[in-house]
Amino acid sequence: MGIFPFQFMLQRHHLKSTMRKRKKFYEKRHFLFKKFDQGIKLDEESWYSVVPEDMGVYISQRILKKSQQIGMKPKIIDGFCGSGGLAIQMAKLFQDITCVDLDPNKIQLLQNNMKVYEVSAQTINSDFLELEIPFDSNIILILCPPWGGVNYLKKKVFDLNENMVPTLKQILTKAFTITHNFIIQLPRNIEITQLIKILQECSVNQKLKRFTIEIEQFYLNNTLNQIFIYFGQIVQFPYQQEIQRVSTLSKLSEDQLKQTSMNVVFQQIRMDDQFQIYDQ
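It should be emphasised that the depicted structure is a prediction, and the values quoted were computed from it without experimental measurement. (Residues numbered from 1 in each chain as written. Predicted model: local features only at pLDDT ≥ 70, side-chain atom pairs only at ≥ 80, totals over all residues. Heavy atoms only, no water.)

Focus on the packing of aromatic side chains
Part 1 of the argument: In total, this model carries 10 aromatic pairs according to the counting rule given.
Part 2 of the argument: When the centroid spacing of 5.4 Å and the interplanar angle of 45° are considered together, the rings of phenylalanine 80 and phenylalanine 128 count as tilted. One end of the pair, phenylalanine 80, is in the loop between β1 (75–78) and α5 (85–93); the other, phenylalanine 128, is in the loop between β3 (122–125) and β4 (139–143), with 48 residues separating them in the sequence.
Part 3 of the argument: Residue phenylalanine 128 is classed as buried on the basis of its relative accessible area, which comes to 1%.
Part 4 of the argument: An angle of 5° between the planes, with centres 5.0 Å apart, marks the rings of phenylalanine 182 and phenylalanine 231 as stacked. Note that phenylalanine 182 is positioned in strand β5 (residues 182–186) and phenylalanine 231 in strand β7 (residues 223–231), a separation of 49 residues in sequence. Like phenylalanine 231, phenylalanine 182 is buried.
Part 5 of the argument: A connected cluster of aromatic rings, assembled from ring pairs, spans Tyr26, Phe36 and Trp47. (Phe/Tyr/Trp six-rings, centres within 6.5 Å; stacked < 30°, edge-to-face > 60°. Helix = DSSP H or I, 4+ residues; strand = E, 2+ residues; numbered from the N terminus. Buried < 20%, exposed > 50% of the residue type's maximum accessible area, 1.4 Å probe, protein only.)

Written out as structure tokens, the structure is:
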């Protein structure tokens, strides 16, 4: 009998903690989806994992602009679509879009939320790693894999091999069988050196003479919020243009720069919670 009050107190503390977290996320509902009040549905995981609408608008418009510049006819595949934060914005701009998720409930949420925004896409309830898709240089993969919940921030450094299921290496190994063009959403507390090492390992058999990874750091109210990695034809700077730019900035010769296999370009995108992107 003496244990009961302690158990009750623990349950009560957990309930209060859960309610505080839900209130925190709920207050940001219009930051996540501007049409939230028109019928948007989210499960618990989506509240903290969905790509906010303005972030999705920025990324999709960027991809559209780049694909038009290089004369590309993109086929968008969202490999971990979730409830549709990024997929919805892509579907506004691209006709050929396929959304994949292992969780059938996420597919239902996506379909509901796409109706709210009056867009549509093909949906596949499947594990991304099990997809059978022939290689196509016109495919752009959107990869927003699970990080293991909000507890990822408790780790000083998020290990891309140990803390992700599936691991980043598994995801990229599969991605390279489909295309060389992809966008990956990753936690803000990763080690960039580990990311580069994994990319090099996964691309070693791809016969890529030279490539650039572009890392966009999204800041929300001046705090680093998350990171998006761009790879392939969709990076902002073509290879030769990037070589010339870095050569000018670093005072290294173009020949010296060409001796390495990879460029890493950093961009900072700053947002506030009033739905504004600034200081690009």
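Quick word on the state of the cysteines
Part 1 of the argument: According to the stated counting rule, one finds 0 disulfides in the structure shown.
Part 2 of the argument: With no disulfide of its own, cysteine 81 lies 5.0 Å from the sulfur of cysteine 99, the closest cysteine sulfur.
Part 3 of the argument: The exposure class of cysteine 99 is buried, given its relative accessible area of 0%. (Disulfide = S-S within 2.5 Å.)

Focus on the nonpolar core
Part 1 of the argument: Counting 41 residues, the largest nonpolar core has Phe33, Ile59, Ile63, Met90, Phe228 and Tyr230 as the members making the most contacts within it.
Part 2 of the argument: Taken together, the elements giving at least two residues each to this core come down to α2 (29–32), α4 (53–69), α5, β2 (97–101), α6 (104–116), β4, β6 (211–220) and β7.
Part 3 of the argument: The greatest single-element share of this core, amounting to 5 residues, is contributed by α5.
Part 4 of the argument: Other than its neighbours up to four places away in sequence, isoleucine 63 contacts Met90, Phe94, Ile140, Ile183, Tyr230 and Ile234.
Part 5 of the argument: Core analysis: the next-biggest nonpolar cluster, separate from the first, contains 33 residues, Val100, Ala175, Ile196 and Ile213 among them. (Core = buried A, V, L, I, M, F, W, Y, C linked by side-chain atoms within 4.5 Å. Contact = heavy atoms within 4.5 Å.)

Things to note about the side chain of aspartate 101
Part 1 of the argument: Its location among the elements puts aspartate 101 in strand β2.
Part 2 of the argument: Buried charged residue aspartate 101 carries no salt bridge. Nearest counter-charge: lysine 106, at 5.8 Å.
Part 3 of the argument: Separated by 2.9 Å, the side chain of aspartate 101 and the backbone nitrogen of glycine 82 make a polar contact.
Part 4 of the argument: With sequence-adjacent residues up to four places away left out, aspartate 101 is seen in contact with Phe80, Cys81, Gly82, Lys106, Ile107, Ile124, Asn125 and Ser126. (Lys, Arg positive; Asp, Glu negative; His and termini not counted. Salt bridge = Lys/Arg side-chain N within 4 Å of Asp/Glu carboxyl O. Polar contact = N/O pair within 3.5 Å; in protein donor to acceptor, adjacent residues only side chain to side chain.)

Brief notes about the pattern of salt bridges
Part 1 of the argument: This model, assessed by the stated rule, comprises 8 salt bridges.
Part 2 of the argument: When the shortest N-O distance is used, the salt bridge between lysine 75 and aspartate 136 registers 2.6 Å. Separated by 61 residues along the polypeptide, lysine 75 in strand β1 and aspartate 136 in the loop between β3 and β4 bring together distant segments of the chain.
Part 3 of the argument: For lysine 75, a relative accessible area of 32% puts it in the partly exposed group.
Part 4 of the argument: Its relative accessible area of 17% is what places aspartate 136 among the buried residues.
Part 5 of the argument: For aspartate 103, the salt bridge goes to lysine 106, with nearest N and O atoms at 3.5 Å.
Part 6 of the argument: Lysine 106 sits in the buried class, given a relative accessible area of 5%.

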